[in-house]
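Structural features, examined
Here are the chains, one letter per residue:
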Protein chains: 2
Amino acid sequence: MDVEQFRKAGYLAIDRICEYHHSLQERSVLSTVKPGYLKDHIPLAPPEEGEDFQVIADDYQKYIIPGLTHWQHPSFFAYFPAACTFEGILGDLYSSSITNPGFNWTSSPACTELETIVMDWAANLLGLSSAFSHTSGVGGGVIQTSASDSVLAVVVAARTRYLKDHPNTNLEDLVIYTTTQTHSVGSKAALILGLQLRSIEVKAEDEFSLREDALRNALQDDAKIGRKPFILIATIGSTSSGAVDNLADIREVVQDYPYLWVHVDAAWAGVALSCPEFRSVLHLQDINAFVNSICVNFHKWGLVNFDCSALWVRDRKKLTEALDITPIFLRTKQGDAGVVVDYRNWHLGLGRRFRSLKVWFVLRSYGVKGFQNHIRKSIVLTQKFTSLVNASDELSLVTRPSLALAVFRVVPKREGENQVTFSTESLNNLNRDVFARLSARRDIMLTQTSLNGIFCIRFAVGATRTNEGHIQDAYNIIVEEAKSALKTWKSALETCDQASNEVVAVI
Amino acid sequence: MDVEQFRKAGYLAIDRICEYHHSLQERSVLSTVKPGYLKDHIPLAPPEEGEDFQVIADDYQKYIIPGLTHWQHPSFFAYFPAACTFEGILGDLYSSSITNPGFNWTSSPACTELETIVMDWAANLLGLSSAFSHTSGVGGGVIQTSASDSVLAVVVAARTRYLKDHPNTNLEDLVIYTTTQTHSVGSKAALILGLQLRSIEVKAEDEFSLREDALRNALQDDAKIGRKPFILIATIGSTSSGAVDNLADIREVVQDYPYLWVHVDAAWAGVALSCPEFRSVLHLQDINAFVNSICVNFHKWGLVNFDCSALWVRDRKKLTEALDITPIFLRTKQGDAGVVVDYRNWHLGLGRRFRSLKVWFVLRSYGVKGFQNHIRKSIVLTQKFTSLVNASDELSLVTRPSLALAVFRVVPKREGENQVTFSTESLNNLNRDVFARLSARRDIMLTQTSLNGIFCIRFAVGATRTNEGHIQDAYNIIVEEAKSALKTWKSALETCDQASNEVVAVI
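Residues numbered from 1 in each chain as written. Chains lettered and ligands numbered in written order. Predicted model: local features only at pLDDT ≥ 70, side-chain atom pairs only at ≥ 80, totals over all residues. Heavy atoms only, no water.

An unreviewed UniProt entry lists chain A under the name Aromatic-L-amino-acid decarboxylase, with Hebeloma cylindrosporum as the source organism. According to the UniProt record, the Cofactor (unreviewed entry) comment for chain A is "pyridoxal 5'-phosphate". UniProt, in its Sequence similarities (unreviewed entry) section for chain A, records the words "Belongs to the group II decarboxylase family." (UniProt positions renumbered as here; feature names shortened; annotations may be inferred.)

1. As for the overall build of chain A
Within chain A one finds 14 helices and 11 strands. Taking 507 residues into account, the globule formula puts the C-alpha radius of gyration at 23 Å, and chain A, at 25 Å, falls close to it. In terms of overall dimensions, chain A has a C-alpha envelope of 85 × 70 × 45 Å along the principal axes. Of all 507 residues assigned to chain A, the portion counted as buried reaches 62%. The long-range fraction of contacts in chain A, counting pairs at least 24 apart against all pairs at least 6 apart in sequence, stands at 74%. Of the accessible surface of chain A, which amounts to about 18400 Å², a share of 49% is contributed by carbon and sulfur atoms. (Helix = DSSP H or I, 4+ residues; strand = E, 2+ residues; numbered from the N terminus. Rg over C-alpha atoms; globule rule 2.2 N^0.38 Å. Buried < 20%, exposed > 50% of the residue type's maximum accessible area, 1.4 Å probe, protein only. Contact = heavy atoms within 4.5 Å. Areas by Shrake-Rupley, 256 points an atom, 1.4 Å probe, with all protein chains shown as cover.)

2. A few points about the domain arrangement of chain A
Residue and element names in this part refer to chain A. Assigned domains of chain A: these are domain 1 (3-68), domain 2 (100-354) and domain 3 (365-500). Between the C-alpha centres of domain 1 and domain 3 there is a distance of 35 Å. Contacts between the two partners involve 8 residues from domain 1 and, on the opposite side, 7 residues from domain 3. Here domain 1 and domain 3 share an interface that buries about 640 Å² over both sides, 56% of which is from carbon and sulfur atoms. Counting the contacts that link domain 1 with domain 3 gives 0 salt bridges. Of the residues belonging to the side of domain 1 that touches domain 3, the class tally is 3 nonpolar, 5 polar and no charged. (Domains from an automatic or database assignment. Buried area = accessible area lost by both parts, 1.4 Å probe. Salt bridge = Lys/Arg side-chain N within 4 Å of Asp/Glu carboxyl O. Nonpolar A, V, L, I, M, F, W, Y, C, P; charged D, E, K, R; others polar.)

3. Some details on the side chain of Asp222 of chain B
Residues and elements named next belong to chain B. Its place among the elements puts Asp222 in helix 7 (residues 212-224). Of note is the side chain of Asp222, whose polar atom sits 3.3 Å from the side chain of Arg198. When neighbours within four sequence positions are excluded, Asp222 is seen to be in contact with Tyr177, Arg198, Arg227 and Pro229. (Polar contact = N/O pair within 3.5 Å; in protein donor to acceptor, adjacent residues only side chain to side chain.)

4. Quick notes on empty space enclosed by the protein
Within the structure shown, the criterion is met by 12 cavities of 30 Å³ or more. A volume near 310 Å³ is recorded for the largest cavity. Along its surface, the largest cavity is lined by 26 residues, and Thr145 and Asp149 of chain A together with Thr145, Asp149 and Arg355 of chain B are the ones closest to its centre. When its residues are assigned to classes, the lining of the largest cavity shows 4 nonpolar, 12 polar and 10 charged. (1 Å grid on protein atoms, 1.4 Å probe; cavity = no way out; pocket = protein on both sides within 12 Å on 5 of 7 lines; lining within 4 Å. Points joined across faces, edges and corners; volume = space filled by probe spheres on them.)

5. Section: the interface of chain A and chain B
Of the residues lining the interface, 128 residues belong to chain A; the matching set on chain B comes to 128 residues. Of the roughly 11500 Å² buried at the junction of chain A and chain B (both faces included), carbon and sulfur atoms supply 67%. Of all residues in chain A, Phe6, Tyr94 and Arg364 of chain A give up the largest surface area on contact with chain B, accounting jointly for 7% of the area buried on that side. The tally of links from chain A across to chain B stands at 8 salt bridges. Notably, a salt bridge pairs Asp59 of chain A with Arg364 of chain B, separated by 2.7 Å at the nearest N-O pair. Summed over the shared surface of chain A and chain B, the result is 58 residue pairs in polar contact (both at pLDDT 80 or more). Looking at the side of chain A that touches chain B, the elements with two or more residues in it are helix 1 (3-23), helix 2 (53-64), helix 3 (86-98), helix 4 (109-125), helix 5 (147-165), helix 6 (185-193), helix 10 (316-323) and helix 12 (356-390) of chain A. Broken down by element, the side of chain A that touches chain B gets its largest block of residues, 17 residues, from helix 1 of chain A. Of the residues contributing to the side of chain A that touches chain B, the split by class is 69 nonpolar, 34 polar and 25 charged.

6. A short note on the UniProt feature "modified residue: N6-(pyridoxal phosphate)lysine" (unreviewed entry) in chain A
All names here are of chain A. In this numbering, the UniProt entry assigns the feature "modified residue: N6-(pyridoxal phosphate)lysine" (unreviewed entry) to Lys300. In this structure, Lys300 sits in the loop between strand 6 (293-297) and strand 7 (309-313). Among residues more than four places away in sequence, those in contact with Lys300 are Phe80, Pro81, Ala82, Ala83, Ala267 and Trp268.

7. Concerning the environment of Pro258 of chain B
Take Pro258 of chain B: it is sitting in the loop between helix 8 (247-254) and strand 5 (261-265). We classify Pro258 of chain B as exposed; its relative accessible area is 58%.

8. Description of the relation of the copies chain A and chain B
You can overlay chain A on chain B at an RMSD of 0.0 Å; the transform is a turn of 180 degrees with a shift of 0.0 Å along its axis. Such a combination of turn and shift is consistent with a two-fold rotation axis. Here 100% of the contact residues of chain A are again contact residues in chain B; the copies associate through an equivalent surface. (Least-squares fit on C-alpha atoms with pLDDT ≥ 70 in both.)

9. Brief notes about unusual backbone geometry
Outside of glycine, negative phi angles account for most residues, and trans bonds account for most peptide bonds. All names here are of chain A. A cis amide bond links Phe306 to the next residue, Asp307, at an omega of 5 degrees. Note on placement: Asp307 falls in the loop between strand 6 and strand 7. In this structure, Asn452 is a non-glycine residue whose phi angle is positive, near 45 degrees. Of note, Asn452 is situated in the loop between strand 10 (447-451) and strand 11 (454-460). Judged by relative accessible area, which is 40%, Asn452 ranks as partly exposed.

10. Here we look at the pairing of strand 6 of chain A
Residues and elements named next belong to chain A. Most of strand 6 is tucked away, with 5 of its 5 residues classed as buried. On strand 6, burial covers both faces: Ser293, Cys295 and Asn297 on one face and Ile294 and Val296 on the other are all buried. Direction of pairing for strand 5 (residues 261-265) relative to strand 6: parallel, over a ladder of 3 bridges. Across the sheet, His263 pairs through a bridge with Ser293, a residue of strand 6. Handedness of the crossover is the feature at issue here: the chain leaves strand 5, passes through helix 9 (residues 284-290), returns alongside strand 6, and the resulting connection is right-handed. (Pairing = 2+ DSSP bridges. Right-handed = clockwise from strand over helix to strand, strands pointing away.)

11. Some words on the sheet that holds strand 4 (residues 228-235) of chain B
Residue and element names in this part refer to chain B. With mixed pairing, 7 strands are arranged side by side in an open sheet as 1-7-6-5-4-2-3. The two strands at the open ends of the sheet, each matched to only one other strand, are strand 1 (140-144) and strand 3 (196-200). Across the sheet, the mean angle from the axis of one strand to that of its neighbour is 20 degrees, orientation sign disregarded. One ladder, built from 4 bridges, connects strand 2 (residues 174-179) with strand 4; its direction is parallel. Bridging from a neighbouring strand, Tyr177 pairs with Leu232 of strand 4. Running at roughly 145 degrees to strand 3, helix 7 makes contact with strand 2, strand 3 and strand 4 of the sheet. (Axes fitted to C-alpha atoms, helices over the stretch in contact; angles between N-to-C directions.)

12. Topic: the nonpolar core
Considering soluble globular proteins, one finds that nonpolar side chains tend to be buried as a cluster. Formed by 274 residues in total, the largest nonpolar core has its most connected members in Phe298, Trp312 and Phe459 of chain A together with Phe298, Trp312 and Phe459 of chain B. One finds Phe230 and Ala322 of chain A together with Ala147 and Ala153 of chain B within the second-largest nonpolar core, a separate group that totals 70 residues. (Core = buried A, V, L, I, M, F, W, Y, C linked by side-chain atoms within 4.5 Å.)

13. So, the sheet that holds strand 11 (residues 454-460) of chain B
All names here are of chain B. With respect to topology, 4 strands assemble into an open sheet ordered 8-9-11-10, the strand pairing being antiparallel. Whereas interior strands pair on both sides, the edge strands pair on one side only; in this sheet they are strand 8 (395-397) and strand 10 (447-451). Between one strand and the next, the sheet's axes are offset by a mean angle of 45 degrees, whatever the strand orientation. Of the strand pairs in this sheet, strand 10 and strand 11 are connected by 5 bridges, and their pairing is antiparallel. Residue Ser450 lies in a different strand from strand 11, and its bridge partner there is Phe455. Strand contacts of helix 13 (residues 424-440): strand 9 (405-410), strand 10 and strand 11, with the helix running at about 35 degrees to strand 11, the strand carrying the most contacts.

14. Here we look at helix 7 of chain B
All names here are of chain B. Between the first and last C-alpha of helix 7 there are 18 Å, a value that for 13 residues agrees with the 18 Å anticipated at 1.5 Å per step. Among all positions of helix 7, only Leu215, Ala218, Leu219 and Asp222 are buried. What you see down the axis of helix 7 is that its buried residues fit within an arc of 95 degrees, all on one side. Along helix 7, exposed side chains directed more than 90 degrees from the buried face belong to Asp213 and Lys224. (Expected span 1.5 Å × (residues − 1). Arc of directions from axis to C-beta.)

Structure representation (structure tokens):
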């Protein structure tokens, strides 16, 4: 393809992307394809001769688009949002056009320098202490591919720090601390590194937040049996329910455990720190006071296309000392003094894309106010949803909503006097049926979770095109399916009741 | 930015990318910016109010482009090529426009299915055995971010396999095998995983290839002292000199060591397997016969924009058993039987971009023949360069050229009768000066290396726009700098000679 053919194919791509985003809400959220659908349309081997790009672009429309799950659809409430903004697309486009593997400063000065600048911008946006900024000369930020990579990098840094000062420690004695609500990045890091994991139980009455006693007890237990906890992955906004670990409590405890690195996984909720009104509930003061590292995925709710997992560390040397494979005689004064940053020593891989461009584009085009508006809008829409749930005859919140995430289930309205309490298992079965009915639909997407044994349904808001109408529609759909499921469930209960007299169903 | 504003900004981006690629060879390869240049042009914090995108796009032209190292420049001969094709750019563009974190089949069927298909295409292109294809039902391929991620994933898989069958092994006894020519991905994996590394010495007379005796001796040594080598990272096309480990020898040895996982790092050279005439020298037969995994970075010499590190495994279960964090009760018959692939269990992270699109675009637009032509052209151009070197009065190859990589140094032509041999250190100093002179230029880029103590300069060909003229120009520039350096070096030697009589310089 020569330059002029690219211009033509590029214009076509832009037009088709416009058409895709224009028509997004008329599409179903979910595809109807069956496993293996694509192999019916694509030969087993690549063609011998090159093909015309128009044919290829048309095949994309014909065979790929119909097999997509539309994460940007306004009725997508599953998982967490996956940001896709026009500014992000353009950032990626310019970045692809110059392919710059900026593993050190020389291999592309702009790539390294823009990243240090926009990571400082992003720290500023979120109200992070200047200790986390590159301008501090000590801390700094780096864009990683995903929260998994961020966690792996800091676990390695924490392990290296621990072993440096406790050189005779057996690897088998090292323990990574998480809670039962920590994202699977924690257990995956333990699996990859071959280290033990302790998943501290958190309680529903604490809204699934890690509190002082639970952490202190775990540390005391482990001290007795010679295990060495060296990192705690605390969560600000858990995946299941948006739970927030109590960083004030954690701060209190870790004063006595100076070798416990505290990493904050704020992958989803961290972007809400951009709004001053949420900083207190998200423990910004404690984050700034003592945590060693924090990760915020701008590619979730933060308007920047995947991949853009922002990781800040309070002491960059802890990271580079653990990941630097440059022999000592190749180190430079400039690198050590922070005059230039060689990002290859800040993460697991070597090569890297020029990802800061899209952050720069997004933050400039939206401005701080536009970014805050997006966050606030999602939260207001979630409040609309929770108001509907609270006023509903069928639905009930399982725990307090957190920012733009609500977790609910179907619970039969108590009526009349023959009040009984249904077993957890019975209600779980009911809700599994509700979720199965919702999952069979193509016009909405939600995900399930389980909170200490209670089966629930998550409702996560954040696509840029979602508005009040989509929230109302979603609620209506959920209630419709809840009613159908309830009908089946109640009639099964009645049958059961007539047969065994063991359960009195209240209709 | 709304859809119509995006259309306008998108067209502009396409036009500017065309202009960039049109004008590429009139630019310098390297930027003239100094460390810290960018902070003079960008404020310390993001703007409060959103800015017009035209201003942002103009700032990209004004401040970012001048700070780039142009990896696609036809006179870029440094590191290894970083592919950037129009097809690759378009693949990334369509992919960004739909942001689809395809961590499992449901989250985007097309994303998963196209990846399995194009990985089979790519295996077919390279002549890999059908054992590595998804259609085998046992093996399969996955796109990783970088060769570092690929290596980490297979080291974890190999460690898990070893520990499963040797449950009482101390982690401290495990050893990763590499050679002294293995890319730093090997030592970085050891660093990250906290495991020992044994770097087996390879010799110049073997062209830096790992041979039978060296491997067998290392294994026997380690067996004696109770160390447990569990993976060997063999290289097909090393970074320093394009060295190829002798897989026939390795195959012979590992028959006696069934727990030694053999991973082939063919990150750079693997794409040359697309041409049947290079398959024998690259040990394709042995790769197909016995290795456990192989990695080929299409984002280097393989026409697909970063990131696209293709990893194939002979037994996908070894990978997924090591990386799967799905509880056993969530496993599905379909997943286990290979009806659907859940790629989250094939790599370190969870989220992932829709990277197979660009592979599909590239392989269809080029066709097998176009892909082969690109590889063959780079090799022919390298042969042109090595012919010039061989006929030169100043330059000398340090080891046999490998595909599209030549390693040379400056060695004074022996003249007259007062023949002396220069010390390695003296020649190294001369070549360091040559390299410093070349590095100070902006119109060409090369990288240095060291082969068993000999300082050398690498010449790696592969940018799509490089032609014979650029090779001749590069040679002329190198000779020009070599002559200047030689002059200085010889006059220093004469001074030294006159002063001490210890060295007789031959002029």
